[in-house]
Amino acid sequence: MAEEIETVSMEIDDKKTDQINPKFSINVLQLLKSAQMQHGLRHGDYTRYRYVQSWNLSEILYNKRAITKSTVTEVRYLHVLLCTAERAWSHAMEKRQLPNGPVPCQCIYLIGRLRKAVKWASLFAQLCAVKGDSRTSLEAEAYASFMKGTLLFELEQNWETALMSFKSARAVYEQLGKYGDIENQVLCRERVLELDPNINYCSIKAGKSNIKTSELADMGQMEGPALDLFKAKLEAVMDEARSQQAASMTEFNWLGHRFPVANAKTRVSILKAQELEKDLHGSATVPAEKKVVMYDKIFAAYHEARSCIRKDLVNAGDTENVKDDLSGLDKAVSAVLGQRTIERNQLLVSIAKSKFARNRDDKVEKATKPEGLVRLFDLLIQNTSDLSDLVTSRRDSTPEEVAFAEKFALKNQVFRAERCFYLAKSYSLAGKRAEAYVLYSRARSLAESTLLKLKAMSSFDKDMIQDLEVLYNNSRSNICIEHAAGIMEEEKAPEKITKGVSSISLTESGNKAGIFLLEKLDVYESSVADPNTKGVPHIEPFPPAFQAVPRNPIVLDIVFNSIEFPSLESRMKKEKKGLISRFWG
């Protein structure tokens, strides 16, 4: 009996202790993901995210002092530790994201900020184990493990310890992903996928995996803040692989020409661009938006190669053979860059066309206007003209170069027909039927003449011929539509004018919703609209209503014709006659 009483009293004491010291609950992963996506990390803006965390610390009204088990009386103390760790981590990642990478002094600072992040994350995990519930404690432990693994990953030391830290975090998120609501399960599974590339990379460095670099590159296509450091390391590995591969690259082939490539930086940049081109054209499942990003990377690589070539040209001196080779290589790289620019703009045209063809009632995504397509075709026309001029700039152009220039000259005609068609669309939407009719006719004639030239060639893009045939048919149908619409509008024009004139009234009041302020000065009633609504204030009608006014009398000045004026001959000066005139009178 005494034992039962003692047991009951212990249970009561435990309940009292829980009431005095309640367990705090923080959904760590959901809180961090929401903050990261809303404040910059969706686009890799670590500077903005760091500023937001500093602002959060000031909002919490935290006075800097040591946070221990005894001081954690509110959940905001745990939030302080989490925000401080995130601020230090984002500051380190900000340095890592510099265009040319961090310089040695910045690397030291970067490591120092990561050590701070590990320190605050570890303290956060320790206090959550005491003051937080079981789920909060698990998530805090996983967060601290991730920070520790990130530090070791950057230091490139203790790969096995880094591997164990990432695996520990992954195991926690994998278990938490089996429970809770759907949103929490999705977040945990995404986190697991983000940690996998880091685990595989550490396994390779620790000698516990045989994964190839190409497989790691596929993992690098994933998105997420946890993968940014992995991508930086992966890019360094890929650069080393390209440098080794560039040693065997001696020439650049273009239109039957072979240009020697002596500069190692030029070779690495060209190889990088060629690898990106293979990835771009090798997979048919890559979404269009991602292809645009890949094209930007290809442009950056070719621009870097071209800048290296032009520096070598400046330093070449009077060596004619070297200058000729470098000039030819510069021309070849510029031509390939022009081709990729045209391909990218064609991709943008296809995206814009798909949006233009969608239902205009769709409120999810804004439809493309025809003016946007006209601007894109202006760019394509300029690109093809520049490329043709570049290829045929020398007097001794080869047959391959002439054929290449002719091909893009025909593409130029295709783009002109497309531009004319969408320009007609814009005039049609504006209600200008005559202009639209003329432009559709011009688009049809351009499409017809270009089709004849394309079909006469032995080898050409069949998809372009098919698109041009569709354009020709669409132009013909729109010509008929604009003609019919113009005739109908012309027939209805007198009726509209008559109806409009008949609806004009000289006594019509501009206020249809109520009485204006000047007409109810004796009544205390607001004439200003409610700020929460879109009502119009009723103060004074504008524009003022028409009023009938009397016209001035018409006065015709007809008296002038009946007045007889006196003769003025007596006042006129008489001419003096000379001696001869006197005799001859």
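The paragraphs below set out a description of the structure included in this document. (Residues numbered from 1 in each chain as written. Predicted model: local features only at pLDDT ≥ 70, side-chain atom pairs only at ≥ 80, totals over all residues. Heavy atoms only, no water.)

### Description of helix 17 (residues 462-502)
The cut-off we apply is this: Helix numbers and strand numbers start at the N terminus; a helix is a DSSP run of H or I with at least 4 residues, a strand a run of E with at least 2. One fewer than the residue count of a helix, multiplied by 1.5 Å, yields its expected span. In this analysis the local bend is the angle between axes fitted, respectively, to the seven residues ending at and the seven residues starting at the residue. Relative accessibility decides the category of a residue: with a 1.4 Å probe and only protein chains considered, values under 20% of the type maximum give buried, values over 50% give exposed, and everything between is partly exposed. Only heavy atoms matter for contacts: two residues are in contact if any of them lie within 4.5 Å across the pair.
When the terminal C-alpha atoms of helix 17 are compared, their 59 Å separation across 41 residues agrees well with the 60 Å that a helix rising 1.5 Å per residue should span. When the local axis directions of helix 17 are compared, the greatest deviation, roughly 40°, occurs at Lys492, which is followed within four positions by the proline Pro494. Considered for burial, the residues of helix 17 that qualify are Met464, Ile465, Leu468, Leu471, Tyr472, Ser475, Asn478, Ile479, Glu482 and Ala485. Packed against the buried residues of helix 17 are helix 13 (320-357), helix 15 (399-429) and helix 16 (433-456).

### Some words on the packing of aromatic side chains
Heads up, the condition is: Classification of ring pairs uses Phe, Tyr and Trp, with its six-membered ring standing for Trp, and accepts pairs whose centres are within 6.5 Å; under 30 degrees between planes counts as stacked, over 60 as edge-to-face, and the remaining range as tilted. Comment: the charge-over-ring label is applied if NZ (Lys) or CZ (Arg) is within 6 Å of the ring centre and within 35 degrees of the ring normal.
The full count for this structure, using the stated rule, is 15 aromatic pairs. Between the aromatic rings of Phe356 and Tyr422, the centroid separation amounts to 5.8 Å while the plane-to-plane angle is 80°, which identifies the pairing as edge-to-face. In this pair, Phe356 is assigned in helix 13 and Tyr422 in helix 15, connecting sequence segments 66 residues apart. Ring centres 6.3 Å apart and planes at 40° place the aromatic pair Phe377 and Phe415 in the tilted group. Of the two residues, Phe377 is situated in helix 14 (residues 370-391) and Phe415 in helix 15; the sequence distance between them amounts to 38 residues. Side by side, Phe377 and Phe415 carry an identical accessibility label, which is buried. Grouped by ring-pair contacts, the aromatic residues Phe356, Phe377, Phe415, Phe421, Tyr422 and Tyr440 constitute a single cluster. Geometry around Trp120 places Lys119 over its ring, the cationic atom sitting 5.1 Å from the centre. Lying across the ring of Phe146, Arg191 places its NZ or CZ 4.7 Å from the centre.

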